[in-house]
Amino acid sequence: MNAVETKTEWETVIGLEIHTELRTQTKLFCGCENNFGAEPNRNVCAVCLGLPGSLPVLNEHAVELAMRIGTALNCTIAPSVMSRKNYFYPDMPKDYQVSQYDLPINLDGSLALPDGSVVGIERAHLEEDTGKNTHVGGGGRIQNADYSLIDYNRAGIPLVEIVSRPDMRSAEQAKAYVSEVRAILVAIGASDGKMEEGSLRVDANVSVRRPGEPFGTRCEIKNVNSIRSLGRAIDYETRRQIELIEGGDSVQQQTRHWNEGEGRTHFGRIKSDADDYRYFPEPDLVPVVPDEAWKTRVANEMPMLPAARRDRLFEISPETHFDTVATVVDAGLDQLVLDVVKAGADARLAINRTANELVNDADAASAVGASTLAQTFQMETDGKLTATQAKTVLGELMALRGGDPQAIADKHGFEPVDTDALAKTVNEIVDAHPDELERLKGGEQKLMGFFVGKIMAATQGKADGKAVQALLRERL
Amino acid sequence: MSHVTKGESVLEIAKSVRSKERKASEVIEAHLTQIESRDQELNAFNLVTRERAMQAARDIDERVANGQEVGPLAGVPVAVKDNLCTTGVDTTCSSRILEGWKPPYDATVVDRIAAAGAVMIGKTNLDEFAMGSSTENSAFGVTHNPHDTSRVSGGSSGGSAAAVAAGFAPIAFGSDTGGSIRQPASFCGVVGIKPTYGLVSRYGLIAFASSLDQVGPLGATVADAAAMLEAIAGHDPRDSTSLPQDAPNLTATMNDGVKGLRVGLVQELSGEGVAPDVAAALQRAADVLQENGAIVSEVSVPAVKFGVTAYYLIAPAEASSNLARFDGVRYGLRKDAENVFEMYDATREQGFGAEVKRRIMLGTYALSAGYYDAYYGKAQRVRTLITRDFATAYESCDVLLSPTAPTTAFKVGEKTSDPLAMYLNDVCTIPTNLAGHPAMSVPFGKDSNNMPIGVQILGPNLSEATLVRAGAVLEANQ
Amino acid sequence: MSEPLSQEVVRHVAELARLDLTDDEVAAFTDQLGAVLGHAADIESLDIADVEPTTHALPLTNVLRKDVVQPGLDRQAVLDQAPASEAGQFRVPKILGEEP
Ligand SMILES: [Mg+2]
Ligand SMILES: [Zn+2]
């Protein structure tokens, strides 16, 4: 069974919880460093270890990043209160998590996706991260371990938990939502967006129903470490639930863990609405009540969001594919492209070359600079470089973080293509193959490739593919 | 009672040390000797830090000799309640669960008192985690009342109150969540001040009920307690609930008298259940204030009668969460077991005493699903009522007057089997904690058993200077 | 709220509070907590749903700290206080079950 087949009969309902670590210098309630990859328990103090007598003090920058997230997601920024969520677990130094409960900082937002659909945002609240348990023995699995070790470096790292409404109906839409949220978080400086390192974590609440019926019982899928895995996990879970129901069973509310290698989810634990966390307002912290001036300042400090940045590129190159534009924007190279175009380069060429040749090292691209890149693209447009040659020149510019494109072209012996000479070669080859020419004229498009191949061979690959095609078309 | 050396104020001690009249090391040695001669009997201290204290005293003497600044409390011995963190010195909360734990930092108030030149001489006994009114709930034994060792010292700061009463130190730290400074001060015949919530930093105070806890001074005299409060009060950026406020100047106006001061006798706290000798003392106190120019009237604060109920839901609820961290993972006691959850269960079962478990149970219940609104939520609303009723009273009064406790110190063991009876003993002190207001207990006469009686002076937020002024008048005229 | 506290409820609460109570303690706490909750009947009858709850004694808001790194604690000093440690980490017996 595959996802497409089931869609006619079943509808998947998806709500996502995205936890993002915030890009602050320090933790949420103490001055310990917020950095990934330190030796275990090197970034700890009395506060984040929950030592008796220690008290939390809220990090202003974390609050502002949370407000930025709320602003970007069209939320109402509200007076908020930190609460204690009480449960015992060894990765939690105080055996309660300081989070927000009935009064979160961001409420009731929405996010428009590139396909035009809109996903509701229930809330985006601030909370602290937990430490990390490592299970020793038994293959590192929790249930077979001999004992566990705890590292509290991550304990107290600021998180924002973004809770969507159950508005998504397909794995594709869920993936688009996460991509968009991630792009926004990176753009506003709130997150590094690294799902592999766990700084961005996605839990998916998935249920199935026949269209028009009430929501079915949901399962919460954890341990999804990439956007691709998210899609796979949702599709798998959709099939699993449909098979259960169609087999006469019912779905049980539980958490399930995605196993990327096996391509399936595993049972985690039974989840009950009656989980008794005994939330109550954190008496050691006072409410955060942003006034209009503060909210306005945060809004004014907001950088442009990815959707608007993509629109700027679509404006100068309406035909370019969405993914290409998104790639440029997500790499943060859209402004560079705009500068390059302003310096005279062709917009569509600039976007495509940037998406394909420059995004892997945005820093190097910026170092090369707009005018050098514009010059390179112009050489290609002018026929002084073929596409392949242009890519070679760009590669060297990137490696050296700058340089003179003409000098690089000269060094490689890249010569301006002689249009007359090329036209002559084209004519010779076309004339030598009258049968193939007739078939091409008759609409057999694959013959185009035949001629291009012959011509490229005759020019030792130096000819520009586009120019060749243009000349061929003239003969038709 | 020959050892009770009241009379010499801490400022006089400091003055003599600063002027080289006496050495700090002599002052400290004398007090340590006093402790060594009598604390076997009282059990006021969990730990006497002799070496450390003598070293600190010698440092002060050296600074004095070198002409360096030594602070307004130079050479004054101070006893520290054992729920305040002290670097490298066992801090137990009189609980087995913190066995062996040495904090890596000082509480802010401990730092401040040291910066003022005072010298810590030891850590005093308390009801485990400050939960109790008699210092009988300590893992390290009862603290006896210096005035009659068959009686309790009160609690939870019983060790500190007894230490001051016995002359072990002229000042001591207490913490007050529902009366834990004032009630033992009353029982032991010393002065105790519960400051306005937020005036004194809680950083390094091991939390019982965070929204009610407040550190404050116990002193042999009003002047001593006031001088100590001046040294420890003021904003602390490490405590988010700390007021953005400098320490008040209390001693400057301490002797300004009470002429024109409007004093209200709280009806709800001075009638039923108050022992006759205590009621009589309260009346005499009102008379003394009136004779000194105050305007005394009766006033009603109706909601205070719900104080005990609200308190015994709110405080245990916060405590159940504050004490969750004692789980055998990072510090203190661990009872080993097959898996981590069994380890928690065993560690906490064996590490906590009965009263602490009782309150954790009560608080967990009050917060749990289905009961929150009926108990915790409702108690928080009652808290608002109490604050409102106090505000109304303070429209017509500058300060209020009540007994500190309905009785004088009771016998050891008298109330241990009936937790509810013990809780009801806190009726007079609890309402101010719920409102966040300051209050002080001043010794005022004795009962027929020759046990000290305490009178409580209550005021609105940040009225400490007024309380001290009224307290000084009572002290001078008892 | 008025129904008497049962031993079953007390046992459930003990589980939430992670206390391995003895049978005697369960029996005693059932009575004692029942008495305290019985005394709470005095606020039960108050009709105060429209009264705002007080969670903090003071009306402070927006108490914040600058995002500046401060020195923490020495790892070895911290681990020396722990009942068990290994390889720079706190060591605990095996954890049965995932985070709730
Ligand atoms: Mg959360
Ligand atoms: Zn820290």
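Residues numbered from 1 in each chain as written. Chains lettered and ligands numbered in written order. Predicted model: local features only at pLDDT ≥ 70, side-chain atom pairs only at ≥ 80, totals over all residues. Heavy atoms only, no water.

Looking now at the side chain of S320 of chain B. All names here are of chain B. Tracing the backbone through its elements, the reader meets S320 in helix α10 (residues 307-322). Polar contacts involving the side chain of S320 include one to the main-chain carbonyl oxygen of A317, which spans 2.7 Å. If we ignore the near neighbours within four places in the chain, the residues touching S320 are I360, G363, T364 and L367. (Helix = DSSP H or I, 4+ residues; strand = E, 2+ residues; numbered from the N terminus. Polar contact = N/O pair within 3.5 Å; in protein donor to acceptor, adjacent residues only side chain to side chain. Contact = heavy atoms within 4.5 Å.)

Okay, the coordination of the magnesium ion (ligand 1) next. All names here are of chain A. Coordination of the magnesium ion (ligand 1) by the protein involves E127 (OE), E127 (OE) and E161 (OE), with metal-donor separations of 2.0 to 2.6 Å. Here E127 is found in strand β7 (residues 118-128), whereas its partner E161 is found in strand β10 (residues 158-164), with 34 residues between them in sequence. Judged by its relative accessible area of 11%, E161 falls in the buried class. (Donors = N, O, S within 2.8 Å, 3.2 Å for Na, K, Ca; no water. Buried < 20%, exposed > 50% of the residue type's maximum accessible area, 1.4 Å probe, protein only.)

This paragraph deals with the coordination of the zinc ion (ligand 2). Reference geometry at the metal: tetrahedral coordination by four donors gives ideal angles of 109.5 degrees; octahedral coordination by six donors gives 90 or 180 degrees. All names here are of chain A. Donor atoms from the polypeptide that bind the zinc ion (ligand 2) are C30 (SG), C32 (SG), C45 (SG) and C48 (SG), placed at 2.3 to 2.4 Å. Relative to the metal, the 4 donor atoms surrounding the zinc ion (ligand 2) lie at angles of 99 to 117°, and the coordination shape comes out tetrahedral. Motif for the zinc ion (ligand 2), donor spacing along one chain: C-x1-C-x12-C-x2-C. Its relative accessible area of 5% is what places C30 among the buried residues. (Tetrahedral: all angles 85-135°; square planar, octahedral: opposite > 155°, others 65-115°.)

With that settled, consider empty space enclosed by the protein. Scanning the entire structure with this criterion turns up 4 cavities of 30 Å³ or more. When its volume is computed, the largest cavity comes out at roughly 180 Å³. Along its surface, the largest cavity is lined by 21 residues, and S54, P56, K94 and Y96 of chain A together with R325 of chain B are the ones closest to its centre. Among the residues making up the lining of the largest cavity, the classes are represented as 12 nonpolar, 4 polar and 5 charged. Considering only enclosed or pocket space, the second largest cavity measures out at about 60 Å³ in volume. (1 Å grid on protein atoms, 1.4 Å probe; cavity = no way out; pocket = protein on both sides within 12 Å on 5 of 7 lines; lining within 4 Å. Points joined across faces, edges and corners; volume = space filled by probe spheres on them. Nonpolar A, V, L, I, M, F, W, Y, C, P; charged D, E, K, R; others polar.)

So, on to the sheet that holds strand β12 (residues 219-224) of chain A. Residue and element names in this part refer to chain A. Strand order in the open sheet made by the 9 strands is β3-β6-β7-β10-β1-β11-β12-β13-β14, with mixed pairing throughout. The two strands at the open ends of the sheet, each matched to only one other strand, are β3 (76-77) and β14 (264-270). Sheet topology note: the strand β1 (residues 11-21)/strand β11 (residues 200-209) ladder contains 10 bridges and is antiparallel. Within β11, the position partnered with L16 by the bridge is A204. Sitting on the sheet, helix α3 (residues 171-187) is in contact with β1, β6 (106-112), β7, β10 and β11, with an inclination near 20° to β1. (Pairing = 2+ DSSP bridges. Axes fitted to C-alpha atoms, helices over the stretch in contact; angles between N-to-C directions.)

A word on the sheet that holds strand β3 (residues 89-93) of chain C. Across the sheet, which stays open at both edges, the 4 strands sit in the order β8(A)-β9(A)-β3(C)-β2(C) with antiparallel pairing between neighbours. Of all the strands in the sheet, the pair left with one neighbour each is β8 (132-136) of chain A together with β2 (85-86) of chain C. Note: strand β9 (residues 147-151) of chain A against β3 of chain C, 4 bridges, orientation antiparallel. From the neighbouring strand, L149 of chain A faces β3 of chain C, where its bridge partner is R91 of chain C.

Quick look at the packing of helix α8 (residues 334-342) of chain A against helix α9 (residues 347-358) of chain A now. All names here are of chain A. Viewed as axis vectors pointing N to C, α8 and α9 meet at an angle of 145°, and their least axial separation amounts to 9 Å. Seen along the crossing, α8 lies across α9 with a hand that is right-handed. In this structure, α8 uses V337, V340 and V341 to contact α9, whose residues at the interface are A347, A350, I351 and T354. Class assignment for the residues of the contact of α8 with α9 results in 6 nonpolar, 1 polar and no charged. (Left-handed = near helix turned anticlockwise from the far one by under 90°.)

Our next topic: the interface of chain C and chain A. With 33 residues of chain C at the interface, the matching set in chain A holds 61 residues. Approximately 4,100 Å² of surface area, both sides summed, lies buried where chain C meets chain A, with 58% of it carried by carbon and sulfur atoms. Between the two partners, chain C and chain A, sit 2 salt bridges. With a closest N to O distance of 2.5 Å, K66 of chain C and E60 of chain A form a salt bridge. (Buried area = accessible area lost by both parts, 1.4 Å probe. Salt bridge = Lys/Arg side-chain N within 4 Å of Asp/Glu carboxyl O.)

What follows covers the pattern of salt bridges. All chains considered together, the criterion is met by 53 salt bridges over all chains. For R228 of chain A, the salt bridge identified is with E260 of chain A, shortest N-O distance 3.7 Å. Pair noted here: R228 of chain A is in helix α4 (residues 227-246) and E260 of chain A is in the loop between β13 (254-259) and β14, with a separation of 32 residues, a long-range link. Given a relative accessible area of 56%, R228 of chain A falls into the exposed group. For E69 of chain B, the salt bridge is made with R18 of chain B, and the minimal N-O distance between the two is 3.2 Å. Placement of the pair is E69 of chain B in the loop between α3 (50-65) and β2 (77-81) and R18 of chain B in helix α1 (residues 10-18), with a sequence separation of 51 residues. When its relative accessible area of 53% is taken as the criterion, E69 of chain B is described as exposed. Overall, R18 of chain B belongs to the partly exposed group, its relative accessible area being 38%. Three or more residues are tied together by salt bridges with common partners; here these are R84, E282 and D284 of chain A together with R202 and D239 of chain B.

Evaluation of the coordinates by the stated rule reveals 26 aromatic pairs over all chains. On the basis of an interplanar angle of 75° and a centroid distance of 6.1 Å, the ring pair of Y277 of chain A and Y279 of chain A is categorised as edge-to-face. The two residues Y277 of chain A and Y279 of chain A agree in class, both being buried. The side chain of K85 of chain A reaches across the aromatic face of Y277 of chain A, ending 4.4 Å from its centre. Looking at R91 of chain C, its charged tip hangs above the ring of Y147 of chain A, at a distance of 3.6 Å from the centre. (Phe/Tyr/Trp six-rings, centres within 6.5 Å; stacked < 30°, edge-to-face > 60°. Lys NZ or Arg CZ within 6 Å of the ring centre and 35° of its normal.)

For the rest of this paragraph, the subject is unusual backbone geometry. Glycine aside, residues mostly have negative phi, and peptide bonds are mostly found in the trans state. Residue and element names in this part refer to chain B. At the junction of G155 and S156, the peptide bond is cis and its omega measures out at 10° in the coordinates. Summarising the element assignment, S156 is placed in the loop between β5 (148-152) and α5 (158-165). The backbone of K20 shows a phi angle near 65°, a positive value even though the residue is not glycine. Looking at where K20 falls in the secondary structure, it is placed in the loop between α1 and α2 (24-42). For K20, a relative accessible area of 57% puts it in the exposed group. The backbone of L462 sits at a positive phi, close to 65°, despite the residue not being glycine. Tracing the sequence through the fold places L462 in the loop between β13 (452-458) and α16 (464-476).

This part covers the layout of surface pockets. All names here are of chain A. Each pocket or cavity is described by its volume, and for the second largest pocket that value is around 750 Å³. Lining the second largest pocket are 25 residues; nearest its centre among them are S179, R182, A183, A326 and D330. Per element, the largest residue contribution to the lining of the second largest pocket is 7 residues, and it comes from α3. Its residues assigned to classes, the lining of the second largest pocket comprises 11 nonpolar, 5 polar and 9 charged.

Once that is clear, we can look at the confidence of the model for chain C. Low pLDDT marks regions whose predicted coordinates should not be analysed in detail. Residues and elements named next belong to chain C. Per-residue pLDDT for chain C averages 92, and the proportion of residues at 70 or more is 97%. At the low end of the mean pLDDT range in chain C sits helix α3 (residues 41-44), at 86; at the high end sits strand β1 (residues 64-65), at 98. This complex was scored by the predictor with a pTM of 0.92 and an ipTM of 0.96. (pLDDT = per-residue confidence, 0-100.)

Formed by 175 residues in total, the largest nonpolar core has its most connected members in L16, I69, I162 and Y177 of chain A together with F129 and L400 of chain B. Sequence-distant contacts of L400 of chain B, defined by excluding residues within four places in its chain, comprise G264, V266, V299, V301, F390, A393, Y394, Q456, I457 and L458 of chain B. Listed in part, the 98 residues of the second largest apolar core include I13, F45, I121 and L199 of chain B. (Core = buried A, V, L, I, M, F, W, Y, C linked by side-chain atoms within 4.5 Å.)

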